[in-house]
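So the chains spell out like this:
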Amino acid sequence: LLEKSTKHINRFIRETAYHTYAAICNAITYDKTLKDGKLGDELAAIIKYGLSDNWSQVRYASSHAVRNFFNAIPDPLEKDI
């Protein structure tokens, strides 16, 4: 249902869907959810469409989701420091 909402005709619904994905990406951890790759690939495929939406508010909400998604992935260089 949430994925379907990202393609809804009403931009407010699309924006809310991407805000929800941002919250999901903020709550996930790499080791428990993204390490196997399946969920990460699915989230990335969904979120990428929001970055090219006609409405700036939808793009902005999607950019928050992208930022939270990348924050969930640990930096491999950080372990060396």
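Note: the structure precedes this text.
All figures in this text were calculated on a predicted structure; none of them were measured in a lab.

Basis of the calculations
Residues numbered from 1 in each chain as written. Predicted model: local features only at pLDDT ≥ 70, side-chain atom pairs only at ≥ 80, totals over all residues. Heavy atoms only, no water. Phe/Tyr/Trp six-rings, centres within 6.5 Å; stacked < 30°, edge-to-face > 60°. Lys NZ or Arg CZ within 6 Å of the ring centre and 35° of its normal. Core = buried A, V, L, I, M, F, W, Y, C linked by side-chain atoms within 4.5 Å. Buried < 20%, exposed > 50% of the residue type's maximum accessible area, 1.4 Å probe, protein only. Helix = DSSP H or I, 4+ residues; strand = E, 2+ residues; numbered from the N terminus. Contact = heavy atoms within 4.5 Å. Expected span 1.5 Å × (residues − 1). Arc of directions from axis to C-beta. Salt bridge = Lys/Arg side-chain N within 4 Å of Asp/Glu carboxyl O.

Undergrad: Tell me about the packing of aromatic side chains, residues and numbers included.
TA: In total, this model carries 1 aromatic pair according to the counting rule given. Here Phe69 and Phe70 contribute two aromatic rings whose centre-to-centre distance is 5.7 Å and whose plane-to-plane angle is 70°, an arrangement assigned as edge-to-face. Across the ring face of Phe12, the terminal group of Arg11 is positioned such that the distance to the ring centre comes to 3.8 Å.

Undergrad: Describe the nonpolar core, listing the residues and the values that go with them.
TA: Tyr21, Ala22, Cys25, Ile28, Leu34, Leu43, Ile46, Ile47, Ala65, Phe69 and Ala72 form the largest nonpolar core, which has 11 residues in total. Sorting the residues of this core by element identifies helix 2 (11–27), helix 4 (38–50) and helix 5 (56–72) as the ones contributing at least two each. Apart from residues lying up to four places away in sequence, Cys25 is in contact with Leu43, Ile47, Ala65, Asn68, Phe69 and Ala72.

Undergrad: Lay out helix 5 in plain terms, naming residues and giving numbers.
TA: With 17 residues, helix 5 extends 24 Å from end C-alpha to end C-alpha; this agrees with the ideal 24 Å at 1.5 Å per step. Listed in full, the buried residues belonging to helix 5 are Val58, Ala61, Ser62, Ala65, Asn68, Phe69 and Ala72. Buried residues of helix 5, viewed axially, fall in a sector of 115°; they line one side. Exposed residues lying more than 90 degrees from the buried face of helix 5 are Tyr60, Phe70 and Asn71.

Undergrad: Residues and numbers for the pattern of salt bridges, please.
TA: According to the stated counting rule, one finds 2 salt bridges in the structure shown. One salt bridge connects Glu15 with Arg11, and the closest N-O pair in it is separated by 2.9 Å. One end of the pair, Glu15, and the other, Arg11, are both in helix 2, 4 residues apart, so they sit about a helical turn from each other. By the burial criterion, Glu15 is buried, and Arg11 matches it. The salt bridge involving Asp53 is made with Arg14; its shortest N-O contact spans 2.9 Å. Of this pair, Asp53 sits in the loop between helix 4 and helix 5 while Arg14 sits in helix 2, and the two are 39 residues apart along the sequence. Relative accessible area serves as the criterion here: at 10%, Arg14 is assigned to the buried category.

Honestly, it's all geometry; don't read function into it.
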